[in-house]
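Okay, here's what each chain looks like letter by letter:
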Amino acid sequence: MDELVKVRKQLALEKKEKSKLKSDLALARKNLAVQKKEIGKRVAELRLANKEIVFEALEKEKRAAELVIADIELTFQNKEKDKREIANKELEVLSHSLKLASQYSRSLLEASLDLLVTISASGKITDVNKATIKVTGIAREKLIDTNFSNYFTEPAKAEEGYRQAFDKGFVSNYPLTIKHKNGKLTDVLYNASVYNDDNGNVLGVFAAARDITTQKRIEKELIDAKVSAESATDLAEEAKSKAEKATRTAEDAVRAKQQFLSNMSHEIRTPMNAIIGFTKVVLRTNLNAKQKEYLTAIKISGDALIVLINDILDLAKVDAGKMTFEQTPFKLAASISAMLHLFEPKVDEKNLQLIKAYDERIPEVLVGDPVRLHQIILNLVSNAVKFTSKGKITVRVTLQAEDAEKVTIEFSVADTGIGIAENKLGKIFGNFQQATSGTGRLYGGTGLGLAIVKQLVEPQGGSIHVQSKLDEGSTFSFSLDFLKTQASAEVDHEILDLDNDIKDIKVLVVEDMPLNQLLMKTLLDDFGFECEIAANGKIATEKLNEKTYDIILMDLQMPQMNGFEATEHIRKKMKSEIPIIALTADVTTVDLEKCKAVGMNDYIAKPVDERLLYSKIVGLVKKPAPSVEQKEVIDHLTKEIKCINLQYLNQRTKSNPVLMMEMISLYLEQTPPLIRAMKQSLIDKDWMTLHATVHKMIPSFSIVGINVDFENMAKQVQEYANSQLNMEGIPLLVAQLENVCLQACSELQGELDNIKKSIK
Ligand code: ADP
């Protein structure tokens, strides 16, 4: 029983346990129902919650999707923002550049000196630059929107201008005048062109105007200057033509002077030659003392006149720059001695002493101009003789220096004469200057001698000095250089005597006038030379081809071929160096230059001085030969006649009656046809022929001794015919010439008859 009590107790415990379990189970059941309910509730809640969760999840998803979209959008927007920022920046840069560009173009426009204006289609100003403001004097804002044409002096023209630009698209160099508000005017030239929008629609006209006031002023100044220049040119031309006229007048004057001098020399020398020549001839005849004395006086006066004429001619040559100096070998000692001999009679007459102090060291032959030296010393010694009444005259020639090529020689002429006051020493070398006003009256002279001496010394590189004391005397001295030479001075031109032993010279005389031909022939015969005549240059050249001659005497004016042409032909074509001496009637410088230019060696003036001719021929030919007999001089004077004077012919023909007759016949032959030709050419008004005919007549006047007045008339006719001026004077002159020639013919006819009778 412990076990059953124990089992019962167990059972009762178990039953109790069972009941308890049952209650626990009921309770558990109850709890479980509650819990079940609770769970249901929870499930419902959970379901709801789940639904909510699903909804929320959906929402969430939706939101997530939205977020993705938002994010994409955000990214997009960010990108867009970035883009916008870049664009903005670019825009900013662009607008800055634009601003700069606009400032730049504005400043360009403003910097322009040209007036710049934009004009709308309605003609209103839309913009202007500063230049426009300046020129109009009106502010920009006042200009803008006003009528463009308002600001010009001619508004209508201004309007027309911009209208043309609108119509044609442009207008260029359109002249207008702008009016400043204060009235000042500015001339401008407009260039205008239209400007368009992108679509080509015309927006307006852009006009640029250039201020041409300065240009216009310059243009005006230029025109004024041109006008002034033109008038200055006119003035200059007038002055030039005046100067040319003055030069021509001066040249004419010089020519006239030269012509006058050459005429003078011709006029005076011809009669003087006759006077001196025939005085010499008469002096050789039997004369009583008185006659001799008078004739000597005539001869001395004649010599003095010739010296004077030569002096005047020399001065004229110096004036014309024509003084030339030769370089020929000559013997100085002989030259000085010969010269001093000339003074012996005068020195003896005045009871003076003439002393020659010659330095023997001086080489015998020197090269220089003996003629000029002669002239210098002659002048000085003749002054010394003239101005000295007692005492001596010393001519000193001293060797001052010598080298291998040249010597310097000092010449001095000292006298014990009246002397010269100190204050006059500087003047006596001037033209026509004498130491005292009474000199001319007391001693004669012209005051030319020393002037010529100076002109002869200085161009040769020397200088002349004078030392003088009143009442004690004077010493004139000068030095000159001379070249030394090995050559011997065979010929001394001026002091050569006619009876020098020279012959066998063959001379060709080219001369058309028979009278002159004969004259030359007689002269050359006298020299003992062979002579042939050619009547013109052409014949001369033919003769030269056939025969040899030593020298030619060539007349200049000849028919067919004149002297210049003939010489040119001989030198150039024939290549001959034969010496040619020109025979010239007028020693005009022009002729002489021409002579030289064509190759002539020398010239000699007509009427020919026989000594000069002789010395020139001999000088050029240089052909000495054994002695030749001098022909006798026939002292025969023809009796005095009226219109004519046969002295010259007598001298030339040595009064040989046959020659005289021949010459007179020739004159009688040639003159009447010349008179006829002269008259006819006057009737025909053929001035060239008149000139040529009269030219042919002129030499015969001096040959037959017709008064020089007629020769001058003839020259006047030539001059008038040449210049065709003073024509009304010609007929009278021609009539006078005709008369005198006819009279000369009749007188010569009588003369011819007389000679014929006398030789029968
Ligand atoms: P001219 O002798 O013809 O008058 P010159 O020219 O030879 O002319 O001389 C000019 C002047 O110089 C002379 O008039 C004279 O007064 C003066 N005279 C020249 N030589 C001498 C001299 N030897 N003695 C004095 N006076 C002289």
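Enquirer: Help me understand the sheet that holds strand β15 (residues 551-555), please; the structure alone is not making it clear to me.
Expert: Sheets are built from strands that pair by backbone hydrogen bonding, the pairs being arranged parallel or antiparallel. Read across the sheet, five strands follow the order β14-β13-β15-β16-β17 without closing on themselves; strand pairing throughout is parallel. The open sheet is flanked by β14 (530-534) and β17 (602-605), the only strands paired with a single partner. Strand-to-strand twist in this sheet, taken as the mean axis angle between neighbours without regard to direction, amounts to 25°. Where strand β13 (residues 506-510) lies against β14, five bridges are found, and the strand directions are parallel. Paired with Val510 across the bridge in β14 is Ala534.

Enquirer: Help me out: how do you make sense of the pattern of salt bridges in this one?
Expert: Where charged atoms of side chains with opposite charge meet at close range, the side chains can pair. Applying the stated rule across the entire model yields 24 salt bridges. The shortest N-O distance in the salt bridge between Asp114 and Arg210 comes to 2.8 Å. Taken together, the residues Asp114 in the loop between α1 (4-111) and β1 (115-120) and Arg210 in strand β5 (residues 202-211) connect sequence positions 96 residues apart. With relative accessibility at 17%, the residue Asp114 sits in the buried group. For the salt bridge of Lys521 with Asp525, the shortest nitrogen-to-oxygen distance reads 3.7 Å. With Lys521 and Asp525 both in helix α11 (residues 514-527) and four residues apart, the pair spans about one turn of that helix.

Enquirer: Looking at this model, I keep getting lost on the sheet that holds β1. Mind explaining?
Expert: In spatial order, the strands read β2-β1-β5-β4-β3; together these five strands make up an open sheet with antiparallel pairing. Two strands in the sheet have a free side with no partner beyond their single neighbour: β2 (125-128) and β3 (170-179). For this sheet, the mean inter-axis angle between neighbouring strands, taken without regard to orientation, is 30°. The pairing of β3 with strand β4 (residues 185-196) spans eight bridges and is antiparallel. If you follow Val171 over to β4, its bridge partner there is Ala192.

Enquirer: What is the right way to look at the packing of aromatic side chains in this model?
Expert: Using the criterion set out here, one finds 10 aromatic pairs in the structure. Here the aromatic rings of Phe152 and Tyr190 are separated by 5.7 Å at their centres, their planes lie at 65°, and the arrangement is edge-to-face. Here the residue Phe152 occupies a position in the loop between α3 (140-143) and α4 (155-168), and Tyr190 occupies one in strand β4, the gap between them amounting to 38 residues. Accessibility assignment for this pair places Phe152 and Tyr190 in one class, buried. On the numbers, 5.0 Å between centres and 15° between planes, the contact of Phe411 with Phe478 is stacked.

Enquirer: How should I be thinking about the environment of Lys427 in this particular structure?
Expert: Secondary-structure assignment places Lys427 in the loop between β10 (406-415) and α9 (439-443). It is 9.7 Å that separates the C-alpha atoms of Lys427 and Ala451, two residues lying 24 residues apart in sequence.

Enquirer: Help me understand α4, please; the structure alone is not making it clear to me.
Expert: Because each turn of an α-helix spans 3.6 residues, side chains separated by three or four positions end up pointing in the same direction. Taking 1.5 Å as the rise per residue, α4 with 14 residues should run 20 Å; its terminal C-alpha atoms sit 20 Å apart, in good agreement. All of the buried residues along α4 are Ala158, Gly161, Tyr162, Ala165 and Phe166. For α4, the buried positions fall inside an angular range of 135° around the axis, keeping them on one side. Residues of α4 that are exposed and point more than 90 degrees away from the buried face comprise Ala156, Asp167 and Lys168. Where α4 is buried, its residues contact β1, β3, β4 and β5. After α4 finishes, the residue Gly169 shows a positive phi value of roughly 100°.

Enquirer: Could you clarify how one ought to interpret the environment of Asp211 in this entry?
Expert: As for its placement among the helices and strands, Asp211 is situated in strand β5. By relative accessible area, which is 34% here, Asp211 ends up partly exposed. Remark: the alpha-carbon pair of Asp211 and Asp187, spanning 24 residues in sequence, is separated by 5.9 Å. With sequence-adjacent residues up to four places away left out, Asp211 is seen in contact with Thr186, Asp187 and Val188. Side-chain polar atoms of Asp211 contact the side chain of Thr213, separated by 2.5 Å.

Enquirer: Got a minute to help me understand the confidence of the model for the protein chain in this structure?
Expert: Low pLDDT means the predicted coordinates in that region are not meant to be read closely. Mean pLDDT for the protein chain: 81, with 88% of residues reaching 70 or above. Mean pLDDT values for the elements of the protein chain range from 58 in α9 up to 96 in β10. This stretch, residues 490-500, has a pLDDT under 50; its non-local contacts, to residues over four places away or in other chains, come to 31 contacts. This model gives residues 623-641 a pLDDT under 50, and the stretch forms 40 contacts once residues within four places in sequence are excluded.

Enquirer: Is there a simple way to explain the nonpolar core in this structure?
Expert: For soluble globular proteins, the rule of thumb is that nonpolar side chains tend to be buried together. Membership of the largest hydrophobic core comes to 45 residues, with the highest contact counts inside it found for Tyr667, Leu690, Phe701 and Ile706. Counting residues per element, the ones that place at least two in this core are α11, α16 (647-652), α17 (657-683), α18 (687-703), α19 (708-723) and α20 (730-759). Counting residues per element, this core draws most heavily on α17, at 12 residues. The residues contacting Phe701, other than those within four sequence positions of it, are Ile706, Phe710, Glu711, Ala714, Leu737, Val740 and Cys741.

Enquirer: What is the right way to look at a nonpolar patch on the surface in this model?
Expert: Nonpolar side chains collect at one region of the surface, where Leu91, Leu94 and Leu98 lie side by side and expose about 320 Å² of accessible area between them. Locating Leu91 in the fold gives a position in helix α1.

Conventions adopted
- Residues numbered from 1 in each chain as written.
- Predicted model: local features only at pLDDT ≥ 70, side-chain atom pairs only at ≥ 80, totals over all residues.
- Heavy atoms only, no water.
- Pairing = 2+ DSSP bridges.
- Helix = DSSP H or I, 4+ residues; strand = E, 2+ residues; numbered from the N terminus.
- Axes fitted to C-alpha atoms, helices over the stretch in contact; angles between N-to-C directions.
- Salt bridge = Lys/Arg side-chain N within 4 Å of Asp/Glu carboxyl O.
- Buried < 20%, exposed > 50% of the residue type's maximum accessible area, 1.4 Å probe, protein only.
- Phe/Tyr/Trp six-rings, centres within 6.5 Å; stacked < 30°, edge-to-face > 60°.
- Expected span 1.5 Å × (residues − 1).
- Arc of directions from axis to C-beta.
- Contact = heavy atoms within 4.5 Å.
- Polar contact = N/O pair within 3.5 Å; in protein donor to acceptor, adjacent residues only side chain to side chain.
- pLDDT = per-residue confidence, 0-100.
- Core = buried A, V, L, I, M, F, W, Y, C linked by side-chain atoms within 4.5 Å.
- Patch = residues over 30% accessible without salt bridge, like charges linked within 9 Å, V, L, I, M, F, W, Y side chains within 5 Å.
- Areas by Shrake-Rupley, 256 points an atom, 1.4 Å probe, with all protein chains shown as cover.

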